[in-house]
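Given next are the chains, with one letter for each unit.
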Amino acid sequence: MTSQQEVQLIAAVIAAACALPGVFLVLRRMAMMSDAISHTVLFGIVVGFLLTRDLGSPLLFLGAVLTGVLTVSLVELLNQTRLVKQDAAIGLVFPVLFSIAVILISRFAGNVHLDTDAVLLGELAYAPFDRVVWQGIDLGPRALLVGSGVLLLNLGFIGLLYKELKLATFDPALAATFGFLPVLLHYSLMTIVSVTAVAAFDAVGSILVIALMIAPPATAYLLTERLSTMLWLSVLLGVASALVGYWLAWALDVSIAGSMATMTGVLFAGAFLFAPERGIVATARRRTRQRWAFAQQMLAVHLHNHAGSSDEAEECSPAALHGHLRWSPDFAAQVLQRAERNGIVRREAERLWLTEQGCRLAQTAGAG
Amino acid sequence: MMYQPHQPHQPPPRPPAAPHAAVPAIAVSDLTVAYHEQPVLWDIDLHVPAGVLLAIVGPNGAGKTTLMKAMLGLVKPAAGQVAIFGGPYRQQRQRVGYVPQRGSVDWDFPTSVLDVVMMGRYGALGWFRRPGRNERDLAFTALQQVNMEAYAARQISQLSGGQQQRVFLARALVQAADIYLMDEPFQGVDAVTEHAIIELLRELRAQGKTVVVVHHDLQTVPEYFDWVTLLNVRRIAHGPMAEVFTEANLSHTYGGRTAAVPRR
Amino acid sequence: MLELFLSLWSNWGDYTIRTVALGAAVLGVTSGVLGCYAVLRRQALLGDAMSHAALPGIVLAYLLFGTRDLGILLLGAAGAGWLAALLLLSITRHTHLKEDTVLGMLLSVFFGFGMVLLAFAQKQPTAAQAGLSRFLFGQAATVVERDVLTMAGIGALALVLVALFWKEFKLLSFDPDYAATLGLPVRLLDVGLTALIVVAVVVGLQMVGVVLMSAMLVAPAVAARQWTDRLGPMMLLAGIFGAGAGIVGAVLSASARGLSTGPMIVLSVSSIVLFSLLFAPRRGLVWRWFQTQRNARRLRFAMQHGDVPLSVPTAPPSDPLPDPRIAEQKGVSG
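These remarks concern the structure in this document. (Residues numbered from 1 in each chain as written. Chains lettered and ligands numbered in written order. Predicted model: local features only at pLDDT ≥ 70, side-chain atom pairs only at ≥ 80, totals over all residues. Heavy atoms only, no water.)

Glancing now at the overall build of chain C. Within chain C one finds 15 helices and zero strands. The long-range share in chain C, meaning contacts at least 24 apart out of those at least 6 apart in sequence, stands at 72%. As displayed, chain C offers around 13,500 Å² of accessible surface, 68% of which is attributable to carbon and sulfur atoms. (Helix = DSSP H or I, 4+ residues; strand = E, 2+ residues; numbered from the N terminus. Contact = heavy atoms within 4.5 Å. Areas by Shrake-Rupley, 256 points an atom, 1.4 Å probe, with all protein chains shown as cover.)

Next comes the structure, spelled out in structure tokens:
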């Protein structure tokens with residue numbers, strides 16, 4: 001495999017690994033937790049490095065994962081004092097840990113591979129050069145092995161706890177009564193997010209971790225409401241952004257991570273505009289259709305309500321539509337025309353009558 | 001801007017709102033409101049004469065709060081209109097005081113009781129003018145009316161639910177309006193507050209004011225109010241208590257579930 | 001600490017340090033004051049999204065105008081931050097996505113796009129682009145007097161607007177619906193206040209950098225909130241905290257190599273937050289702990305002496321705050 005292919009494979013694997021827990025972050029309204037975690041894992045990595053002086057040590061990985069979980073607990077601790085609201089708590093915790101990490105790097109580790117640009121963007125292009133060799137056999141790039149491991153872990157986690165996660169996400173109270181321990185589940189999910197963030201961090205940097213975790217699930221959520229569909233769709237979208245982003249970066253000679261993040265945004269914009277049911281375009285068209293249907297219903301209800309009342313003659317005339325319903329004469333004429341065509345209303349000179357079908361429409365409308 | 005600065009210290013003298021004035025205090029005609037093309041209110045017609053205590057009653061999701069918000073111009077109707085003393089809300093807003101649901105704000109906001117009450121004068125103050133001595137006095141008087149003057153300097157997060165509700169009432173009182181619209185003022189308040197509110201409502205009626213209250217507790221409706229609107233997306237019935245508050249109408253409003261309704 | 005101020009004092013004649021300290025003070029005051037609104041309106045993370053989103057704006061302004069002039073770069077930053085705020089509004093209104101999701105997405109996508117543009121800029125042969133990366137973590141040493149003047153001008157304008165629309169912004173933040181019934185143009189005020197928050201973010205970018213700027217909005221406001229229950233004093237305190245942290249952080253970072261300005265300022269302001277959360281009278285955790293202890297002691301004493309008070313002092317004004325979750329229980333209604 002060429003190193004180019006390897007980079008693409010790494011990007012795809014990491015995108016897939018990020019999208020899986022990202023779906024639950026988006027659904028559980030904790031998307032910004034990924035922002036916090038992806039920044040603070042740096043702290044764990046740096047402290048681990050300063051202790052071991054070895055960038056390859058598994059302790060770094062462990063330290064980073066622990067920092068991620070620590071971040072979540074700190075945010076919740078702050079929130080529980082009731083002195084700070086949740087969003088402000090997130091905004092307080094991660095800058096502190098990230099700041100300490102940045103200073104530690106520039107003070108004590110500036111000469112090694114850790115530098116602040118890599119922190120934000122990762123060094124995907126160099127990932128193929130850091131290889132794992134075991135007894136003389138080249139097993140592949142470290143990032144690929146770690147990424148695949150994390151992808152498997154995430155698949156396993158979600159596969160095993162699918163129904164628990166689903167219930168805890170959509171109905172935490174019910175999940176608790178079933179004895180599913182929402183807190184335990186919450187922290188397991190946060191651990192998974194941390195593990196994923198750490199694995200991805202090395203290759204793509206802290207900002208792209210957020211993009212890969214949040215944007216593909218957000219896009220998928222515009223396309224489907226089924227959890228299972230949303231999961232595989234997010235993975236697909238993540239992988240697609242990663243690959244297209246990589247080629248673009250290659251063609252334009254720019255940052256791979258930045259280009260991948262941009263692509264996740266482009267896909268989202270596409271879904272936002274053109275999603276078959278939820279997109280802006282589809283919604284606008286449906287709105288227009290509904291507006292006419294709704295206006296006819298409104299007309300039916302209006303005529304029905306005033307049938308038999310003392311002001312019947314006045315209210316049930318074409319002129320009243322403008323005067324009473326506050327419709328523009330143009331709009332009123334069009335509604336009337338449609339209603340007549342659909343057999344809802346009969347017109348006799350200056351008097352409107354509801355047909356039998358119109359009566360039914362008026363009665364069913366707003367019955368809920 | 002519409003938010004007008006021309007006001008002197010006190011609202012200008014107004015024609016007394018006589019209970020039998022020809023112009024209704026609130027006239028809702030053919031009002032339809034929809035969220036995302038889903039109707040929440042269908043073709044509502046209501047005439048609220050000046051000087052009544054009106055309860056808006058109906059099951060959850062009946063559109064009670066929406067109706068009130070439409071009266072206040074907070075939601076845009078799909079059809080129909082609301083007239084306040086014969087004019088659109090925009091022109092009559094100085095004659096309307098509003099008491100929103102207590103839970104609609106963050107009570108940990110850094111401000112004092114007196115300050116919140118003074119907010120009721122912001123509309124009359126206009127741009128760039130700060131509340132001064134006159135506003136403080138008005139606010140303090142309003143607090144006395146709800147027996148909260150001892151709490152004037154208190155931070156609002158230190159109030160009980162009932163006290164919060166009374167602060168909101170005082171804020172509406174300080175608007176010196178002719179119509180008061182109150183969204184669930186009895187929701188989750190203590191007995192003392194409930195009593196204080198009902199006393200206040202009666203006092204307002206005695207002054208010829210019109211009070212419209214979104215209310216939840218069917219049992220207390222006939223005791224507290226003299227007019228009632230039964231609402232369930234459509235207007236089920238509307239009129240004086242004795243004519244309208246009947247078993248048949250209630251069962252129609254609640255879809256035959258009245259038996260389960262009167263509970264607190 | 002003392003040493004720091006001594007060095008600041010003795011070096012006051014030092015042009016660089018004076019400029020840096022002044023710039024940091026301007027940034028601290030602006031973001032401290034406007035951050036109060038961000039925190040009270042639960043928009044703390046909006047600042048984070050805006051500051052990350054500012055990056056492509058900065059680079060684009062540089063690419064278009066080929067200048068390093070701070071005013072122009074900040075204009076680009078404000079434009080991009082403003083665009084992010086608009087997109088946030090429009091996406092949350094038109095879809096069922098929650099605000100946090102949209103924030104996280106906008107933040108990372110804008111930033112990623114900014115890095116792509118930055119790579120373009122860095123391929124340009126001129127030396128001017130070298131300064132752009134200072135916007136990542138902030139670099140006090142690059143601040144010159146002209147920059148401070150630019151920052152001060154923008155900041156002062158924002159503060160004047162806050163003063164002019166004081167009661168309107170206050171009511172908007174506390175109870176927007178009620179504000180609308182009084183006839184305030186709520187939509188317009190909302191847009192204006194958001195624009196001011198963008199301004200606060202933009203003013204600090206050169207000092208603190210896009211990654212950490214949000215902390216400058218959140219931290220001073222949170223710290224100030226612990227010491228007072230009034231909006232005016234809260235803003236004043238937040239401004240002072242922000243300025244103090246800005247000066248301390250900037251001077252510390254200029255004092256030694258390898259101390260990026262952004263992180264140093266953030267650490268200074270976070271220390272103030274920590275101190276406030278612990279020791280602020282009445283709200284602080286330590287204070288509350290002592291209060292609980294004293295109440296328990298009183299009760300024990302009373303019980304030992306057979307004179308149990310009918311009402312243990314349960315809720316004097318100084319007691320812990322009532323659980324906001326109770327206050328938040330919304331009335332159920334259609």
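Tallying each qualifying case throughout the model produces 17 aromatic pairs over all chains. Ring geometry for W127(B) and F128(B): centres 6.3 Å apart, planes at 45°, overall tilted. Owing to a relative accessible area of 49%, F128(B) belongs among the partly exposed residues under this scheme. Between W227(C) and F275(C), the aromatic rings sit 6.2 Å apart at their centres with planes inclined by 20°, giving stacked as the arrangement. (Phe/Tyr/Trp six-rings, centres within 6.5 Å; stacked < 30°, edge-to-face > 60°. Buried < 20%, exposed > 50% of the residue type's maximum accessible area, 1.4 Å probe, protein only.)

Glancing now at the side chain of Q163(B). Residues and elements named next belong to chain B. Within the secondary structure, Q163 sits in helix α6 (residues 161–173). On the basis of relative accessibility, which here comes to 12%, the residue Q163 falls in the buried class. Setting aside anything within four residues of it in sequence, one finds Q163 in contact with M148, Y151, Q158 and T193.

Further remarks concern the interface of chain A and chain B. At the interface, 22 residues of chain A touch 19 residues of chain B. Across the interface of chain A and chain B, roughly 1,700 Å² is buried in total on both sides, 47% from carbon and sulfur atoms. Our enumeration of links across chain A and chain B arrives at one salt bridge. D106(B) is paired through a salt bridge with K85(A); the nearest N and O atoms lie 3.1 Å apart. Across the chain A-chain B interface, the total number found is three residue pairs in polar contact (both at pLDDT 80 or more). At the level of elements, α12 (280–306) and α16 (356–364) of chain A are the ones that each hand at least two residues to the side of chain A that touches chain B. Per-element accounting of the side of chain A that touches chain B gives the leading share, ten residues, to α12(A). Split into classes, the residues belonging to the side of chain A that touches chain B amount to seven nonpolar, ten polar and five charged. (Buried area = accessible area lost by both parts, 1.4 Å probe. Salt bridge = Lys/Arg side-chain N within 4 Å of Asp/Glu carboxyl O. Polar contact = N/O pair within 3.5 Å; in protein donor to acceptor, adjacent residues only side chain to side chain. Nonpolar A, V, L, I, M, F, W, Y, C, P; charged D, E, K, R; others polar.)

All names here are of chain C. Orientation of helix α3 (residues 44–65) relative to helix α4 (residues 70–94), taken along the N-to-C sense of each, is 135°, at an axis distance of 6 Å. On the basis of their axis angle, the class for α3 and α4 is oblique. Once α3 is placed against α4, the crossing between them reads as right-handed. Contacts from L46, M50, A53, A54, G57, I58, A61, Y62 and F65 of α3 reach α4 at I72, L73, G76, A77, A80, G81, A84, A85 and L88. Taken together, the residues of the contact of α3 with α4 sort by class into 15 nonpolar, three polar and no charged. (Axes fitted to C-alpha atoms, helices over the stretch in contact; angles between N-to-C directions. Parallel < 35°, antiparallel > 145°, perpendicular 65-115°, else oblique. Left-handed = near helix turned anticlockwise from the far one by under 90°.)

To continue, consider the packing of helix α6 (residues 142–160) of chain A against helix α7 (residues 162–170) of chain A. For any two helices packed against each other, one specifies the inter-axial angle together with the distance between the axes. Residue and element names in this part refer to chain A. Here α6 crosses α7 at 75°, and the two axes come no closer than 4 Å. It follows that α6 is roughly perpendicular to α7 by the angle criterion. In this structure, α6 contributes F157, I158, G159 and L160 to the contact, and α7 contributes Y162, E164 and L165. Residue composition of the contact of α6 with α7, grouped by class: five nonpolar, one polar and one charged.

Our next topic: the interface of chain C and chain A. For interface size, the figure often reported is the accessible area lost on association. Facing 59 residues of chain C, the contacting portion of chain A comprises 55 residues. Taken together, both faces of the contact between chain C and chain A bury some 4,800 Å²; the carbon and sulfur share is 75%. Inspection of the chain C/chain A interface yields nine residue pairs in polar contact (both at pLDDT 80 or more). Breaking the side of chain C that touches chain A down by element, the ones donating at least two residues are α3, α4, α5 (99–122), α6 (134–137), α11 (213–227), α13 (261–279), α14 (285–304) and α15 (324–327) of chain C. Looking at the side of chain C that touches chain A element by element, the count peaks at 15 residues for α5(C). Of the residues that constitute the side of chain C that touches chain A, the class distribution is 34 nonpolar, 15 polar and ten charged.

Residue and element names in this part refer to chain B. The sheet built from three strands is open, its strands ordered β2-β1-β4 with antiparallel pairing. Every other strand in the sheet has two partners, leaving β2 (38–48) and β4 (79–84) as the edge strands with one partner each. Averaged over all pairs of adjacent strands, the angle between strand axes in this sheet comes to 20°, irrespective of strand direction. When strand β1 (residues 26–35) meets β2, the two strands line up antiparallel, connected through seven bridges. (Pairing = 2+ DSSP bridges.)

This part covers the nonpolar core. The nonpolar side chains of soluble globular proteins are, as a tendency, buried together. L124(A), I26(B), L181(B) and L201(B) are the most contacted members of the largest nonpolar core, which has 291 residues in total. With 26 residues, helix α9 (residues 182–223) of chain A is the single largest residue contributor to this core. Leaving out residues up to four positions away in the same chain, L201(B) has contacts with L53(B), M182(B), F186(B), V211(B), V213(B) and F225(B). In terms of nonpolar packing, the next biggest core, distinct from the first, is built from 25 residues, W292(A), L299(A), L303(A) and V335(A) among them. (Core = buried A, V, L, I, M, F, W, Y, C linked by side-chain atoms within 4.5 Å.)

What follows concerns a nonpolar patch on the surface. Taken together, the side chains of V244(A), W247(A), L248(A), L252(A) and F120(C) make up a nonpolar region of the molecular surface, amounting to roughly 420 Å² of accessible area. A per-element tally of the nonpolar patch places helix α10 (residues 227–252) of chain A first, with four residues. Structurally, W247(A) can be placed in helix α10. Take W247(A): its relative accessible area is 48%, and that puts it in the partly exposed class. (Patch = residues over 30% accessible without salt bridge, like charges linked within 9 Å, V, L, I, M, F, W, Y side chains within 5 Å.)

Next up on the list: the pairing of strand β7 (residues 210–214) of chain B. Residues and elements named next belong to chain B. Across the five residues of β7, five count as buried, placing the element largely inside the fold. Neither face of β7 is left uncovered, since the one carrying T210, V212 and V214 and the one carrying V211 and V213 both have all their residues buried. Pairing between strand β3 (residues 53–57) and β7: four bridges, direction parallel. Counterpart to L54 in the pairing with β7 is V212. Two strands pair when backbone bridges link them, and strand β6 (residues 179–183) and β7 are joined in this way by five bridges, in the parallel orientation. Along β7, the bridge assignment pairs M182 with V213. Handedness of the β6-helix α7 (residues 191–206)-β7 crossover: right-handed. (Right-handed = clockwise from strand over helix to strand, strands pointing away.)

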